[in-house]
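Chain by chain, the residues run as shown.
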Amino acid sequence: MSISGMRFRSSAARLKVSCLHNQDLALEKIYPVIKEYLPKSLDKLAKKGYDLDDPNTLWYLLGINAVVNLEDMNGKFTRVGVSFQENENAAYNLLRKMRAPRFSEARKALKIYQYWLFVVDLKHFPTDEEWIDILYSEIDKSASNSRLIIL
């Protein structure tokens, strides 16, 4: 996992928006979903020697560093998968991959209805207070359920 992803997970936990450790996102729940929607990718990771019993490996396969649950201005809660890149070109490539139907369907099966890919420089990583503003302004935008957000 990227340093940005780890830093964001810490921020999300402090802000009490993280839902990565909810029971419905436990290893025994996400593994069957990945096996159903991403079997070839799962086999590739197994052949490369990745530990398929490690939840971080499965989240890596889904392109997700963290999962947050955010309330929009209408009071509706939405679960969002969040990922990070430092390089904008790499981010566009990852977003193109994550928009593929098999990845979208896997996220929907896990009740993750939006996917946000942030491009952020570690030198300018947002503070917790800035993350609150960023996350809640993004959840209130009507946009596609997979999008790139350049900070």
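Read on for an overview of the structure. What you see is a predicted model, and the numbers here were worked out from it, not measured in a lab. (Residues numbered from 1 in each chain as written. Predicted model: local features only at pLDDT ≥ 70, side-chain atom pairs only at ≥ 80, totals over all residues. Heavy atoms only, no water.)

**Digging into the pairing of strand 3 (residues 114-119)**
- With six of six residues buried, strand 3 is to be regarded as a mostly interior element.
- The alternating pattern of strand 3 places Gln 114, Trp 116 and Phe 118 on one face and Tyr 115, Leu 117 and Val 119 on the opposite face, and all of these are buried.
- Relative to strand 3, strand 2 (residues 77-85) runs parallel, the two sharing six bridges. What sits directly across from Val 80, in strand 3, is Gln 114. (Buried < 20%, exposed > 50% of the residue type's maximum accessible area, 1.4 Å probe, protein only. Helix = DSSP H or I, 4+ residues; strand = E, 2+ residues; numbered from the N terminus. Pairing = 2+ DSSP bridges.)

**Quick notes on a positive patch on the surface**
- On the surface, a cluster of positive charge is contributed by Lys 40, Lys 44, Lys 48, Lys 97 and Arg 102.
- Among the structural elements, Lys 44 can be located in helix 3 (residues 39-47).
- In this structure Lys 44 comes out as exposed when scored by relative accessible area, which is 57%. (Patch = residues over 30% accessible without salt bridge, like charges linked within 9 Å, V, L, I, M, F, W, Y side chains within 5 Å. Areas by Shrake-Rupley, 256 points an atom, 1.4 Å probe, with all protein chains shown as cover. Salt bridge = Lys/Arg side-chain N within 4 Å of Asp/Glu carboxyl O. Lys, Arg positive; Asp, Glu negative; His and termini not counted. Charge placed at Lys NZ, Arg CZ, Asp CG, Glu CD.)

**Describing helix 5 (residues 88-98)**
- The complete set of buried residues in helix 5 reads Ala 91, Leu 94, Leu 95 and Met 98. Down the axis of helix 5, the buried set is contained in an arc of 100°. They therefore lie on one face. Away from the buried face of helix 5 by more than 90 degrees, exposed residues Asn 89 and Arg 96 are located.
- In the core, the buried residues of helix 5 are packed alongside helix 4 (55-62), strand 2, helix 6 (101-109), strand 3 and strand 4 (146-150).
- N-capping of helix 5 is provided by Asn 87, with a side-chain oxygen placed 2.8 Å from the backbone N of Asn 89. (Arc of directions from axis to C-beta. Contact = heavy atoms within 4.5 Å. Polar contact = N/O pair within 3.5 Å; in protein donor to acceptor, adjacent residues only side chain to side chain.)

**Overview of the nonpolar core**
- Grouped together as the largest cluster of nonpolar side chains are 28 residues, with contacts concentrated most on Trp 59, Leu 62 and Val 67.
- If near-sequence neighbours (up to four positions away) are discounted, Trp 59 is found in contact with Arg 9, Leu 20, Leu 25, Ile 30, Ile 64, Val 67 and Ile 112.
- One finds Val 17, Val 80, Phe 125 and Ile 139 within the second-largest nonpolar core, a separate group that totals 18 residues. (Core = buried A, V, L, I, M, F, W, Y, C linked by side-chain atoms within 4.5 Å.)

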